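Each chain, written out:
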Amino acid sequence: MSEELPPSDAGDREPVEPVDEVRATDADAWATAAAEDLAAEKARRRTQYGPPPGSAAEELRKLVDNVAEKLSGLQSPLLGGIAGPAAQQVVKQVVQQAKAAVEPVIERNPDVFDHLAAAGGELLAAYRSAVQAQEQRWSRRDDTLRDRGEDPGPGERIDLD
């Protein structure tokens, strides 16, 4: 009877996993759930608003393609039926040359267009801020005149001296 028997409840237990593995599994589950939620939200927005806009370089490329397509499809009523096909061929050649000149610039410098778009947004924000500040000064000036008892009336008084 030198054999040791395991306790009676030892066979019913499952092996205990180390704590680190449980935490790693929880973190993976959290990341997976967050990724699934993000994918579902993107799909919902895509169906509601359409596909998101591409980079500024892609948008410029789309613009050039659309303008080229519209110009190539124009019929020239001013030149008549005889000169129309020749004029249309010239327009197509000019459009192709413009596309050939723009395409390499877009390919080599796609980030430049993103920076230019961001700079345009910053300029617009600065302009908007300046206009709002000026509007506040104008409205404040009218209030100070009214406070002093001077009514500026429908127009503004101009001192000609």
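All values derive from a computational prediction rather than experimental measurement.

**Looking at the environment of Ala 68**
Right, on to step 1. The residue Ala 68 is located in helix H2 (residues 56-73) in this model.
Right, on to step 2. For Ala 68 and Ala 98, which are 30 residues apart along the polypeptide, the C-alpha to C-alpha distance reads 8.8 Å.
Right, on to step 3. Beyond its immediate chain neighbours, meaning those up to four positions away, Ala 68 contacts Val 95 and Lys 99.

**Here's the deal with H2**
Right, on to step 1. The first and last C-alpha atoms of H2 sit 26 Å apart over 18 residues, in line with the 26 Å expected at 1.5 Å per residue.
Right, on to step 2. The complete set of buried residues in H2 reads Ala 57, Ala 68 and Ser 72. With its buried residues spanning 40° around the axis, H2 presents them on a single face. Turned more than 90 degrees away from the buried face of H2 sit Leu 63, Glu 69 and Lys 70, all of them exposed.

Rules used throughout
Residues numbered from 1 in each chain as written. Predicted model: local features only at pLDDT ≥ 70, side-chain atom pairs only at ≥ 80, totals over all residues. Heavy atoms only, no water. Helix = DSSP H or I, 4+ residues; strand = E, 2+ residues; numbered from the N terminus. Contact = heavy atoms within 4.5 Å. Expected span 1.5 Å × (residues − 1). Buried < 20%, exposed > 50% of the residue type's maximum accessible area, 1.4 Å probe, protein only. Arc of directions from axis to C-beta.

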